[in-house]
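Residue-level listing of the chains:
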Amino acid sequence: MPRFWQEPAYLHGTKPRTGVLVVNLGTPAAPTAAALRPYLKEFLSDPRVVEIPRPIWWLILNGIILRTRPAKSAAKYASVWTDEGSPLKAHTEKQAKLLAGFFVATGERELMVSWAMRYGQPSIRSRLDEMRAAGCTRILVIPLYPQFAASTTATVMDEVANSLRHWRNLPEIRFIRSFGDDPGYIKALAASVREHWQREGQADRLVLSFHGIPRRSLDLGDPYHCECYKTARLLGEELKLPADRLIVSFQSRFGKAEWLKPYTQPTLEDLARNGIGSVDVMCPGFVSDCLETLEEINMECREAFLHEGGKRFSYIPCLNERQDWIEALKGLSVRHMGHWLTEAGPDAAALAKQAARAREIGASA
Ligand SMILES: C=CC1=C(C)c2cc3[nH]c(cc4nc(cc5[nH]c(cc1n2)c(C)c5CCC(=O)O)C(CCC(=O)O)=C4C)c(C)c3C=C
Ligand SMILES: [Fe+2]
Ligand SMILES: [Fe+2]
């Protein structure tokens, strides 16, 4: 009988390899209209991102948006592009490498840490394939969105499931659903605010600007809005900041429909008009600086605030490569991996039996 079956190492009692995949939104390959078009097409074709019925949305997307937006967005991307490429990509890659370093430092050498983008490259599917080739039988997926939204976190879950449709022998999979109330994440945010205050002094208001979603998503039950407010409350408590000094707003409105309010830019303009001279602005819904923070907040919103009479606009960067944040990410990963770090695969015995049976009947396991 030909030996067309193969026993993987984990059937012989070796601890299975575990993969940790951090995933961010995605970004164009270059700050050009030609690179923006396929990125925006993939992103905005996702029915979780734009919920307008398909024939109508297809016409709007292809007939209007993909003709006009790529050039406009490319100019914005060009204003924040770095020698390392897109800021979002550069930060995500560094965060994954630092996380891997933390695991090596604490002796978890069997862990494979990788990063992917939900839209664009490197794709989730290609990274999962690499993990399979490396022998990972357990995979923890960490969408880098602190607050859950169907248009972000759930799309990562969709894409992981889609990718696994092409596998036969599936790994164990876990997702970190959200971490907007994780004490490590909140403490890292609070530390970055305190350090900023020490350097630059405290402004009249601390504005927390989160990425928006359509108002309709909230009405249909999306928990994102509540999770943003929870993060804001916990951060305010950690900073012992009186409630009237803290303002929550939502940025990056897309399209004509109503989105979560209050909108960030009009909020900042109102503050300036009402005599609030200085603001500290931070974006806790993004763990990596990107177009939406560096250009929309630190350029467009800064200009709008100063134009309306504001005196000092101070942007507090995202957590990026802060050590306390990477430690928080490690803590989150370890808690979610649970017994994976200490026990052999729970189904190793069952798989061994299955392989023996397959050998008996001459089938492929
Ligand atoms: C942090 C969470 C995010 C949510 C929620 C979100 C929802 C959402 N976004 C769009 C449309 C666009 N977003 C764009 C950029 C962008 N969005 C996020 C994060 C969230 N989006 C990030 C991190 C980025 C920056 C990417 C980068 O490369 O730096 C863009 C592209 C830029 C542009 O043309 O303006 C669009 C478009 C929708 C429709 C939506 C929810 C329904
Ligand atoms: Fe977005
Ligand atoms: Fe934007």
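What you see is a predicted model, and the numbers here were worked out from it, not measured in a lab.

1. Some remarks on the environment of M157
Phase 1 of the analysis: Counting through the fold element by element, M157 comes out in helix α5 (residues 153–164).
Phase 2 of the analysis: Taking the C-beta count within 10 Å as the criterion, M157 has 17 such neighbours and is therefore assigned partly exposed.
Phase 3 of the analysis: Spatially, the C-alpha atom of M157 lies 7.7 Å from that of F175, the residues being 18 residues apart in sequence.

2. Overview of helix α8 (residues 224–239)
Phase 1 of the analysis: For α8, built from 16 residues, the straight-helix expectation of 22 Å at 1.5 Å per residue is met to within 8% by its first-to-last C-alpha distance of 23 Å.
Phase 2 of the analysis: Along α8, the residues that are buried comprise Y224, H225, E227, C228, T231, L234 and L235.
Phase 3 of the analysis: Tucked into the core, α8 has its buried residues touching α6 (183–200), β5 (205–211), α7 (215–219) and β6 (246–251).
Phase 4 of the analysis: Positive phi shows up at K240, right after α8, with a value of about 55 degrees.

3. With respect to the environment of Y315
Phase 1 of the analysis: Assignment of secondary structure puts Y315 in strand β8 (residues 312–316).
Phase 2 of the analysis: The residues contacting Y315, other than those within four sequence positions of it, are V281, I297 and N298.

4. Some details on the domain arrangement of the chain
Accessible area lost when the parts come together is the quantity often used to give the size of an interface.
Phase 1 of the analysis: The assigned domain composition of the chain is domain 1 (9–179 + 324–349) and domain 2 (183–316).
Phase 2 of the analysis: Once you take the C-alpha centre of each, domain 1 and domain 2 turn out to be 25 Å apart.
Phase 3 of the analysis: Counting from both sides, the interface comprises 25 residues of domain 1 and, opposite them, 23 residues of domain 2.
Phase 4 of the analysis: In terms of residues, the side of domain 1 that touches domain 2 owes the most to one element, helix α11 (residues 323–337), which gives 6 residues.
Phase 5 of the analysis: For the side of domain 1 that touches domain 2, the per-class residue count stands at 13 nonpolar, 9 polar and 3 charged.

5. Side note on the pairing of strand β7 (residues 278–282)
Phase 1 of the analysis: The buried count for β7 comes to 4 of 5 residues, which makes it a mostly enclosed element.
Phase 2 of the analysis: Where β7 and β8 come together, 5 bridges link them in parallel fashion. Counterpart to V281 in the pairing with β8 is Y315.
Phase 3 of the analysis: A crossover connection joins β7 to the parallel β8 through helix α10 (residues 291–307); in handedness this β-α-β unit is right-handed.

6. Brief notes about the packing of helix α2 (residues 54–80) against α10
Phase 1 of the analysis: Interaxial distance between α2 and α10 falls to 9 Å at its minimum, and their mutual angle equals 90 degrees. Comparing the axis directions of α2 and α10 gives the class roughly perpendicular. From α2, K76, Y77, S79 and V80 reach across to α10, where they touch L291, L294, E295 and M299.
Phase 2 of the analysis: Considered class by class, the residues forming the contact of α2 with α10 number 5 nonpolar, 1 polar and 2 charged.

The rules behind each value
Residues numbered from 1 in each chain as written. Chains lettered and ligands numbered in written order. Predicted model: local features only at pLDDT ≥ 70, side-chain atom pairs only at ≥ 80, totals over all residues. Helix = DSSP H or I, 4+ residues; strand = E, 2+ residues; numbered from the N terminus. Buried ≥ 20, exposed ≤ 12 C-beta atoms within 10 Å, placed from the backbone. Expected span 1.5 Å × (residues − 1). Contact = placed C-beta atoms within 7 Å. Domains from an automatic or database assignment. Nonpolar A, V, L, I, M, F, W, Y, C, P; charged D, E, K, R; others polar. Pairing = 2+ DSSP bridges. Right-handed = clockwise from strand over helix to strand, strands pointing away. Axes fitted to C-alpha atoms, helices over the stretch in contact; angles between N-to-C directions. Parallel < 35°, antiparallel > 145°, perpendicular 65-115°, else oblique.

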